[in-house]
Amino acid sequence: MQTLFHMPAIPKITAPAMVEEILGDDERTQLIAHIKTMMAQQNAVLVAHYYTSADLQDLADATGGCVSDSLEMARFGHAHSASTILVAGVKFMGDTAKILNPEKRVLMPDLNANCSLDLACPADEFSAFCDQHPERVVVVYANTSAAVKARADWVVTSGTAVKIIAHLHSLGKKILWAPDKYLGDYVQKTTGADMLLWQGSCVVHEAFKAKELAAMKLAHPDAAVLVHPESPAEVIALADVVGSTTQIIRATQTLPNREFIVATDNGIFHKMHAAAPGKTFIEAPTAGVGATCKSCAHCPWMAMNGLRSLAHVLETGANEILIDSLTQQKAILSIQRMLDFAAQK
Ligand code: 13P
Ligand code: SF4
């Protein structure tokens, strides 16, 4: 008999307008020099996500920081000796850095840089939902607020989700999963675990279109299709490789194909070109019959990060991430559980 659950209503998320930083060459050069000086003076390291601008990614690389997926961003900031961590990404990435490093100063270029998954999972409603299902292990995606992580037993990233859920399933555990319904569905199908799914989604990945992707595959028969698992099931079904941003960048190096169709934020192309020079990367389609995408293949919240705002926070100390100590003490447990698990595998 199928069990029926009452699912909480998901808040309607409106993505902000896309505003990307445009710099002239002189201003870029001056800003980079100024930021480098301030970073050295303030013992700061820059940790950037692949979806941020090429300028920020290059600056992170040039100053001994890192450009990576959300798992490695958390690991790198935690292991680094800098007393200030600059997080170029979205709010949950800054929160995670602060939760793991309460003694360090964590600054972000723009505190409005959120994520539709995080916004789709308000902590009070989520906590009430968990209370209704005490028999389930609560597993949340990293793309959530500190308060949601504090309510969870485990945090996972796209790079660890399948292994951790498979592990819990092997122990006979039932899962309450939040917030991404597509990633949850993919993990459920891959592992066979009993998962109750919160119904959030990523506005960027949700916009990829399976029918148009199938047509693109026909037009590029030698291309491998790389898909981030925040995408809809029909898009994932067409993939040669499904994985975190780091995992799909690696696939451009390990697969023999010369051409790739890529279903994730197009900011990732900067690192793909560096990882696999000479290969061709094509954006998976977000347009087509019935297309609704507002932020086609680029995250409007990630785009809020820029060199100007980074310089501003270093000059002023603005945009510091602060998390109350009770939330931090609870949330670190579920994040540390993931990091310990990932370190053993
Ligand atoms: P990754 O951990 O795979 O980089 O994913 C983070 C994210 O927000 C993708 O949209
Ligand atoms: Fe969130 Fe999607 Fe942006 Fe990633 S791409 S930060 S999941 S809104």
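Figured I'd write up the structure that's included with this text. These numbers were taken from a predicted model, which means no experiment stands behind them.

Here is what the cut-offs are and how they apply
In this convention, every chain numbers its residues from 1, walking through the sequence in written order. Lettering for chains starts from A, numbering for ligands starts from 1, and both go in the order in which the items are written. Note on the predicted model: pLDDT of at least 70 is required for a residue's local features to be given, and 80 or more for side-chain atom pairs to be given and counted; whole-chain, interface and lining totals, by contrast, use all residues. For the side-chain quantities, the full set of heavy atoms in the structure was used; hydrogens and water were omitted. Here the rule is simple: two strands pair whenever DSSP picks up at least two bridges between them. Put simply, DSSP marks the helices as runs of H or I at least four residues long and the strands as runs of E at least two long, and each gets a number from the N terminus on. As a rule, the C-alpha atoms of each element are fitted with a line to give its axis, helices using only the stretch in contact, and angles between N-to-C directions run from 0 to 180 degrees. Any two residues whose heavy atoms approach within 4.5 Å at even a single point are treated as in contact. We define proximity as follows: a residue is near a molecule or strand when any one of its heavy atoms falls within 4 Å of that partner. Polar contacts here mean pairs of N or O atoms no more than 3.5 Å apart (in protein, one a potential hydrogen donor and the other a potential acceptor; neighbouring residues in sequence count only if both atoms are side-chain atoms). Grid points spaced at 1 Å over the protein atoms alone were grouped into cavities, where a 1.4 Å probe fits but cannot get out, and pockets, open sets with protein on both sides within 12 Å along at least five of seven lines, with lining residues defined by an atom within 4 Å of a point. A cavity or pocket is said to hold a molecule if more than half of that molecule's atoms lie within 2 Å of its grid points. Three residue categories are used. Nonpolar comprises Ala, Val, Leu, Ile, Met, Phe, Trp, Tyr, Cys and Pro, charged comprises Asp, Glu, Lys and Arg, and polar comprises the others, including Gly.

**A look at the sheet that holds strand β8 (residues 195-197)**
Argument step 1. A sheet is described by the order of its strands in space; here four strands give the open sequence β6-β5-β7-β8, paired in parallel fashion. Each edge of the open sheet is held by one strand with a lone partner, namely β6 (154-156) and β8. Mean inter-strand twist for the sheet, computed between neighbouring axes without regard to direction, equals 25°.
Argument step 2. Against the sheet, helix α6 (residues 123-131) makes contact with β5 (137-141), β7 (175-178) and β8, and its axis sits at roughly 170° relative to β7, the strand it touches most.
Argument step 3. Across the face of the sheet, helix α8 (residues 161-170) comes into contact with β5, β6, β7 and β8 while running at roughly 145° to β6.

**With respect to the site of ligand 1**
Argument step 1. Residues in contact with ligand 1, as listed here, are His49, Tyr51, Asp69, Ser70, Tyr141, Asn143, Ser158, His205, His228, Glu230, Ser244 and Thr245.
Argument step 2. Separating an oxygen atom of ligand 1 from a side-chain N or O atom of histidine 228 is a distance of 2.8 Å.
Argument step 3. Note that an oxygen atom of ligand 1 is positioned 2.8 Å from one of the side-chain N or O atoms of glutamate 230.
Argument step 4. Counting atoms within 2 Å of the grid points, the majority share of ligand 1 lands in the largest cavity.
Argument step 5. In terms of residue class, the shell around ligand 1 is made up of two nonpolar, eight polar and two charged.

**Re the sheet that holds strand β12 (residues 280-283)**
Argument step 1. Spatially, four strands are ordered β10-β9-β11-β12 in an open sheet, and the strand pairing comes out parallel. The sheet terminates laterally at β10 (241-242) and β12, the two strands that pair on one side only.
Argument step 2. Bridge analysis of strand β9 (residues 224-227) against strand β11 (residues 259-263) gives four bridges, and the strand direction is parallel. Bridging across to β11, leucine 226 finds its partner in valine 262.

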